[in-house]
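Okay, here's what each chain looks like letter by letter:
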Amino acid sequence: MTMVSPAAVTYPPTRLPASPPTERLSLVVVGHVDHGKSTIIGRLLADTGSLPDGKLEQIRQLCARTARPFEYAFLLDALKDERAQGITIDSARVFFTSAKRTYVIIDAPGHIEFLKNMVSGAARAASAFLVIDAREGIQENTRRHGYLMGMLGIRQVAVLINKMDLVNYDERAYRSLVVEFGRFLGQVGVVPAGFIPVSGAQGDNLTEPSAAMSWYRGPTALEMLDGFSPEPTPLEKPFRMPVQDVYKFTAQGDDRRIIAGTVESGRLAVGDTVVFHPSGKRSRVRSIEKFNGSAPPHTGAGSATGFTLDEQIYVARGQIAAREGEPAPKAASRLAVSLFWLGKRPLVTGRDYILKLGSARVRARLESVERVIDASDLELTEHKPRVDRHDVADCILRLKTPVALDLVDELAGTSRFVLVDDYEISGGGIVRSVAGEPGRSALGLPSRLAVVEEVEQELDADAASLGPWLAAEDRVVYRLAGGREVEPLWAAAVMLLEAGASVLLGIAPDAREQVSRLTRSLDPARVETRWVTAAS
Ligand code: GDP
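Residues numbered from 1 in each chain as written. Predicted model: local features only at pLDDT ≥ 70, side-chain atom pairs only at ≥ 80, totals over all residues. Heavy atoms only, no water.

A closer look at the site of the ligand
Inference 1: Residues in contact with the ligand amount to 17 residues; listed here are only the nearest, Asp34, Lys37, Ser38, Thr39 and Glu71.
Inference 2: A distance of 3.2 Å separates a nitrogen atom of the ligand from a polar atom in the side chain of Asn162.
Inference 3: With the chains in place, 78% of the 580 Å² that the ligand exposes on its own is no longer accessible. (Near = heavy atom within 4 Å. Polar contact = N/O pair within 3.5 Å; in protein donor to acceptor, adjacent residues only side chain to side chain. Areas by Shrake-Rupley, 256 points an atom, 1.4 Å probe, with all protein chains shown as cover.)

Let's talk about the sheet that holds strand 11 (residues 273–277)
Across a sheet, paired strands are connected by hydrogen bonds in the backbone, their directions being either parallel or antiparallel.
Inference 1: The strand order 7-15-11-12-14-9-8 describes an open sheet built from seven strands, whose pairing is antiparallel. Both edges of this open sheet fall to strand 7 (240–242) and strand 8 (245–248), since each of them pairs with a single strand only. Each strand of the sheet is rotated relative to its neighbour by a mean of 40°, with strand direction disregarded.
Inference 2: Direction of pairing for strand 12 (residues 282–289) relative to strand 14 (residues 304–309): antiparallel, over a ladder of four bridges. Note on strand 14: the bridge partner recorded for Ser287 is Thr308. (Pairing = 2+ DSSP bridges. Helix = DSSP H or I, 4+ residues; strand = E, 2+ residues; numbered from the N terminus. Axes fitted to C-alpha atoms, helices over the stretch in contact; angles between N-to-C directions.)

Quick notes on the nonpolar core
Inference 1: One finds Phe96, Phe129, Met149 and Phe181 to be the most contacted residues of the largest nonpolar core, which totals 72 residues.
Inference 2: Not counting chain neighbours up to four residues away, the residues in contact with Met149 comprise Val30, Phe114, Ala128, Leu130, Ile154, Val157 and Val190.
Inference 3: Counting residues in each nonpolar core, the second largest holds 26 residues, with Leu339, Leu347, Val403 and Phe417 among its members. (Core = buried A, V, L, I, M, F, W, Y, C linked by side-chain atoms within 4.5 Å. Buried < 20%, exposed > 50% of the residue type's maximum accessible area, 1.4 Å probe, protein only. Contact = heavy atoms within 4.5 Å.)

Looking at the packing of helix 5 (residues 140–152) against helix 6 (residues 171–187)
Inference 1: As a packed pair, helix 5 and helix 6 sit with axes 10 Å apart at the nearest point and diverge in direction by 40°. The orientation of helix 5 relative to helix 6 falls into the category oblique. As helix 5 runs across helix 6, the sense of the crossing is right-handed. Note on element contacts: helix 6 touches helix 5 through Glu180, Phe181, Phe184 and Leu185, opposite Thr142, Arg143, Gly146 and Tyr147. (Parallel < 35°, antiparallel > 145°, perpendicular 65-115°, else oblique. Left-handed = near helix turned anticlockwise from the far one by under 90°.)

What about the pairing of strand 12?
Inference 1: Note that strand 11 and strand 12 share three bridges and pair antiparallel. By the bridge assignment for strand 12, Thr273 is matched with Arg284.
Inference 2: Where strand 11 folds back on strand 12, the antiparallel hairpin that results is connected by four residues, among which Gly280 adopts a positive phi of roughly 80°.

Looking at the sheet that holds strand 3 (residues 102–105)
Inference 1: Read from one edge of the open sheet, six strands run 2-3-1-4-5-6, paired in mixed fashion. Across the chains shown, the open sheet's two edge strands, defined by having one partner strand only, are strand 2 (94–97) and strand 6 (194–197). The average undirected angle you get between the axes of adjacent strands in this sheet is 30°.
Inference 2: When strand 1 (residues 24–31) meets strand 4 (residues 127–133), the two strands line up parallel, connected through five bridges. Its bridge partner being in strand 4, Gly31 is matched across the sheet by Val131.

Some words on the confidence of the model for the protein
When pLDDT drops low, the exact placement of atoms in the prediction is not to be read closely.
Inference 1: When the pLDDT values of the protein are averaged, the result is 83; 86% of them are 70 or greater.
Inference 2: Confidence drops under a pLDDT of 50 for residues 1–17, and excluding neighbours within four residues, the segment shows 33 contacts in the predicted structure.
Inference 3: Low pLDDT, under 50, characterises residues 437–443; the predicted model gives this stretch 18 contacts beyond four residues in sequence or across chains. (pLDDT = per-residue confidence, 0-100.)

Considering the environment of Leu185
Inference 1: With respect to the helices and strands, the residue Leu185 is situated in helix 6.
Inference 2: Classification of Leu185 by relative accessible area gives buried; the value is 0%.
Inference 3: Put simply, Leu185 and Met149 are 36 residues apart on the chain and 9.5 Å apart in space, counted from C-alpha to C-alpha.

Points about helix 2 (residues 55–65)
Inference 1: Turning to helix 2, its buried residues number three or more, namely Lys55, Leu56, Ile59 and Cys63. Buried positions in helix 2, seen along its axis, are confined to an arc of 100° and lie on one side of it. Exposed residues lying more than 90 degrees from the buried face of helix 2 are Ala64 and Arg65. (Arc of directions from axis to C-beta.)

Regarding the pattern of salt bridges
Inference 1: This structure, assessed with the given rule, holds 26 salt bridges.
Inference 2: Here Arg284 and Asp310 are joined by a salt bridge, their closest N and O atoms 2.8 Å apart. Of the two residues, Arg284 sits in strand 12 while Asp310 sits in the loop between strand 14 and strand 15 (320–323), which places them 26 residues apart along the sequence.
Inference 3: Given a relative accessible area of 29%, Asp310 falls into the partly exposed group.
Inference 4: Shared partners join several salt bridges into a network, and the residues in it are Arg345, Arg351, Asp421 and Asp422. (Salt bridge = Lys/Arg side-chain N within 4 Å of Asp/Glu carboxyl O.)

A few points about unusual backbone geometry
Inference 1: The omega torsion of the bond from His277 to Pro278 falls at 5°, within 30 degrees of zero and hence cis.
Inference 2: Notably, Asn168 is not glycine yet its phi reads approximately 55°, a positive angle.
Inference 3: Counting through the fold element by element, Asn168 comes out in the loop between strand 5 (156–162) and helix 6.
Inference 4: The residue Tyr169 is not glycine, and still its phi comes out positive at about 55°.

Here's what the structure looks like:
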């Protein structure tokens, strides 16, 4: 399929298989502009025979008529246009099919939409292709998108080194990008499943191994996708039902109660033991009730359900019902989250918000901001004290009372929350981990680390203002500064932080990147970090 002139290319049949596989996997294709995302998608659609009949020919003729060279990227545009007009292969999304399963391409028309969808869970991608132009190499958005994959918890990521035809299919060009980008991805916590040298325009290594790159022995892009794990359907996950209401039977002498809600995931049958979280109370399911119908013996994900219990335990709205014997939800009041902020006012510390998760509503405060990405230009900031409109941020939230929840990697449905500011839904996100109660400092509070870029070891006014924050609640504060050697300084800082002290760390401005990386290894539940950057 490689090294042939476009006229000699034979096109595969443009017909969908008689019965497409039912298993599905969602895929998002990201990367710097013009690195070949649309071309790769168009080519995958064509080469897997997933296009509507005649579509390819139609676009080729249109290109010929308008004297434009044929581009696979036009296929995607044409499908999108049809979608906009309502004449479409599918009402929502673009699909292609391998022998194994159907792939749903999650449209990422812009950063803001993509982030909003990903964070809110409206359309979460289970896998991603990160595309890099072999000739242009790593660009700003390549890095940012790599970073986002890590932050959003997309675990199945393959890097496609595209336009290999433009670098004469040179193995060294591929290898040097693998080393350089692999190192970067390691820093942001992404372990790619592989780096595949491809040509979107020529079709190399997408669905067929490339004859022009016999030095590459790894899988094609399609084989890589087929090797990814499918998303389990919610029925196959542990049972979760946020309790919406508890109804009393009204008949005389009947003191049973119906626990009602919508099943988020899993199944429940009469005779199962249910445990309510965070209270931990448990009882056996006596009956499953159906409004206006006969009582079914079991229920499952997606159903509005009510059930009665053998014993009359106290159950309240806001708790999550789980099934004994399955992994339990967590109960926590400090949450490490990724969130997307839409509020007109920024999300700030010292202000009360309402967090809604499942059917629970609790008062919440922003404790600290770990890092922020401005979604409009994907600019990353490591030391910003608030979250502005359209920012995406990793934060720690502190709740007034513990709620039951799951982590996004375990069960997305019960890890999603929204934040309400003054009666308005102003943000939404997912719980990445439970921050746990900090316990290293004498007072059971997290240690505090302030990193200050010092010019000639002089503390400026901004840095000096960190004093009260560092010393609050009678923390012992150490000031460490000096020299160009970051490693020994850092080792000392970590020891002091672990001992419960606070540290003011002075670094040379050129050590900023290195220290910024090191601070990421600190457990945000145990160490709060602030930065003061020298004005440049
Ligand atoms: P996107 O902005 O990432 O979606 O990039 P496009 O798919 O629109 O591609 C941008 C340009 O690069 C188009 O002119 C494509 O024809 C060209 N292109 C994409 N993939 C390849 C490739 O593998 N080889 C060559 N030579 N050109 C490519």
